[in-house]
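Given next are the chains, with one letter for each unit.
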Amino acid sequence: QLQLVESGGGLVQPGGSLRLSCAGSGNIFSINVMGWYRQAPGKQRELVATITNDGNTNYADSVKGRFTISRDNAKNTLYLQMNSLKPEDTAVYYCNAQRIYNAFFRDNYWGKGTLVTVSS
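Computed from a predicted model, the values in this text were never measured in an experiment. (Residues numbered from 1 in each chain as written. Predicted model: local features only at pLDDT ≥ 70, side-chain atom pairs only at ≥ 80, totals over all residues. Heavy atoms only, no water.)

Please clarify how the sheet that holds strand β1 (residues 2-7) should be interpreted in this entry.
Sheet strands pair by backbone hydrogen bonding; their relative direction is either parallel or antiparallel. Taken together, the four strands give an open sheet; going across it, the order is β1-β3-β8-β7, and neighbouring strands pair in antiparallel fashion. Each end of this open sheet is capped by a strand with a single partner; those strands are β1 and β7 (67-72). Averaged over all neighbouring strand pairs, the angle between strand axes comes to 15 degrees, with direction disregarded. Summarising the sheet, β7 and strand β8 (residues 77-82) pair through six bridges and their orientation is antiparallel. Residue F67 lies in a different strand from β8, and its bridge partner there is M82. (Pairing = 2+ DSSP bridges. Helix = DSSP H or I, 4+ residues; strand = E, 2+ residues; numbered from the N terminus. Axes fitted to C-alpha atoms, helices over the stretch in contact; angles between N-to-C directions.)

Given below as structure tokens:
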């Protein structure tokens, strides 16, 4: 049993910055990958960034160079630093965690999301 709770969303002007946090609790044992996804109005949920348990990161092309994903294992917390925000970044941002057992089976967990609005 694993719970994920996002925080840090809000309203920001274009060019501004926000830092999102995701606090994990419960059964955090053997989580292999954590990430951030987002869903903009009228669009499908999309990958923003991921980080593995050995620290390797991956970013969507649309956020590369502007966003930074990180984790603090001692605090069971995932972060997303968002700089140079654009109106296109407006979305509900979701925290994700995966426990991968093998090539065919994994546990997948989601937070309820936090809203980021970028507007002038």
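I'm lost on the pairing of strand β9 (residues 91-102) in this one. Help?
For a regular strand, side chains alternate in direction, first toward one face of the sheet and then toward the other. In the sheet, strand β4 (residues 33-39) pairs with β9 via seven bridges, with the strands oriented antiparallel. Opposite G35, over in β9, you have N96 as the bridge partner. Sheet topology note: the β9/strand β11 (residues 114-118) ladder contains three bridges and is antiparallel. Its bridge partner being in β11, V92 is matched across the sheet by L115. Connecting β9 to the next strand, strand β10 (residues 105-110), in antiparallel fashion are two residues.

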